[in-house]
Amino acid sequence: MAEFADHRLPSHGLDADAVLSRLDELAVDDRDWRGGRVFSLVYSAGDDVLDLLARAANRFSAENALNTMAFPSLGWMQHDIVTITAGLLGADRRPADSPKFRGYLTSGGTESLLQATKTARDWGRGTGRTTRPNMVLATSAHAAFEKASHYFDVEARRVPVLADGSADVAGFADRVDDDTVLVVGSAPSYPQGVIDPITDIAALAQERGFLCHVDACLGGFLLPFLGTLGHVTKAWDLSVPGVTSISADLHKYGYASKGVSIIIYGDAELGRLQPFVTSNWLGGLYGSPAMAGTRPGGPIAAGWAVLHHLGEDGYLHLAEDAWQAAAALRTTIDSTAGISLRGAPDATVLAFGDDGSGAVDTFALGDALADRGGWYFDRQTPPDSLHATVHAGHRAVIAELCADLAEVAGELARSGTRADDRSTRYGTV
Ligand SMILES: *Cc1c(COP(=O)(O)O)cnc(C)c1O
């Protein structure tokens, strides 16, 4: 369509159908996640849920949660989402004399982790503990903590993970000092899907008197249900003594539209450090809970809608589907010569690649899977691996994937093909 080729604002507006059909055209090169062949970036609970999300987001597409006095609906929805999430994340399973929790919605996991880090920095300043704060975290903790470190001048001290991919708490103990404001555990970690020893990390925080954030961005809407189903028994949530805050992404295993994460502080007093308030300008009192000013109503409404539409039984069902799909994939990886899992994944996120024998090249395996069946996995390093976020929508296609994987690995072992392109990219600029 020539009228779109020059990147200019059209002098005469085009009709809506022309614009919408151009959007469809633009999407032709996008990864087709609908068929369940994409193992990153998108979480799918099926067409009915997608339709509900679109309708709920559409209903609130113009509303702005910057001011919930103007839109009390969005204030109420946020309160409801935070309270439900706090319950899922163990707030109600703490001792009866525990402080009241406090939580906020953010635009995503990154913003939640930025806030957790900023809160820890401000806590360190406010208590007079330190003006040169550091945080101690495993090499598996999400890249967003590096962003937080950079933005807020909190030194990130990374401790290498153990062979099973979990955080090395003894290593943490060696790196913490009087300037430490925060330790981090992941539940589970993004790169290898491992739940860190949260009980031990939180105990270290409690003993030494600093904060502990659990990054359950990935697991927050998955592990509660895998726990109920008996698939996960590790302790990881707010009910663990010493955990001071936790984050969970509704837009991952909550199956919501993009743009909703939740951060909960176990103590409302600590949580009060998060919002920003100023009147030092000409526009009046300006309060804001997180990074953004204007906050879109659509994702909040969609997130609220999906929680209530799916309910506990819906999430249990989806968690079981994701678990079964991931279990099938793990079994195939374990039983296929030349490839192996990375670490010991606890949930439905995992990484795999060559088994160290040199028989199969990890990235050639990724390329061959894309060629064979349009299967898409993110590449990671170090070590080289393919990353799979397995969700409920994968259950229908997992047998086909497993067959292709075993076949392709065998072919590569025979041909010895290596991929020239060794690049890895999880996010792009
Ligand atoms: C996805 C993820 C994040 C970052 O979340 P975004 O929504 O991509 O900003 C942080 N931590 C973990 C463990 C994650 O899986």
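Please refer to the structure higher up on the page.
Values in this document were obtained by computation on a predicted structure and should not be read as measured data.

So, the pattern of salt bridges
Alright, step 1. For the coordinates displayed, the defined rule picks out 25 salt bridges.
Alright, step 2. One salt bridge in this structure joins Arg422 and Asp361, with 2.9 Å as the shortest N-O distance. On the criterion of sequence distance, the pair formed by Arg422 in the segment after helix 12 (398–415) and Asp361 in the loop between strand 11 (349–354) and helix 11 (362–373) is long-range, its members being 61 residues apart.
Alright, step 3. Among the ionic pairs, Glu407 bridges to Arg372, the shortest N-O distance being 2.8 Å. Here Glu407, found in helix 12, pairs with Arg372, found in helix 11; they are 35 residues apart in sequence, far enough to count as distant.
Alright, step 4. Judged by its relative accessible area of 34%, Arg372 is partly exposed.
Alright, step 5. Via salt bridges that share partners, Lys118, Arg121, Asp122 and Arg125 belong to a single interconnected network.

Brief notes about the packing of helix 3 (residues 72–88) against helix 10 (residues 297–335)
For any two helices packed against each other, one specifies the crossing angle of their axes together with the interaxial distance.
Alright, step 1. With their axes 10 Å apart at the nearest point, helix 3 and helix 10 run at an angle of 45° to one another. If you check the angle between helix 3 and helix 10, you find them oblique. As helix 3 runs across helix 10, the sense of the crossing is left-handed. Residues Leu74, Trp76, Met77, Gln78, Asp80, Ile81 and Ile84 of helix 3 form the contact with helix 10, whose own contacting residues are Gly297, Ile300, Ala301, Gly303, Trp304, Leu307 and His308.
Alright, step 2. Class assignment of the residues belonging to the contact of helix 3 with helix 10 gives a composition of nine nonpolar, four polar and one charged.

Quick look at helix 10
Residues three or four positions apart in an α-helix share a direction because the helix packs 3.6 residues into each turn.
Alright, step 1. Along its 39 residues, helix 10 runs just 47 Å from first to last C-alpha, ending more than 12% under the 57 Å computed at 1.5 Å per residue.
Alright, step 2. The largest bend in helix 10 comes to about 85°, at Gly311.

How each quantity is defined
Residues numbered from 1 in each chain as written. Predicted model: local features only at pLDDT ≥ 70, side-chain atom pairs only at ≥ 80, totals over all residues. Heavy atoms only, no water. Salt bridge = Lys/Arg side-chain N within 4 Å of Asp/Glu carboxyl O. Helix = DSSP H or I, 4+ residues; strand = E, 2+ residues; numbered from the N terminus. Buried < 20%, exposed > 50% of the residue type's maximum accessible area, 1.4 Å probe, protein only. Axes fitted to C-alpha atoms, helices over the stretch in contact; angles between N-to-C directions. Parallel < 35°, antiparallel > 145°, perpendicular 65-115°, else oblique. Left-handed = near helix turned anticlockwise from the far one by under 90°. Contact = heavy atoms within 4.5 Å. Nonpolar A, V, L, I, M, F, W, Y, C, P; charged D, E, K, R; others polar. Expected span 1.5 Å × (residues − 1). Bend = angle between axes of the 7 residues up to and from the residue.

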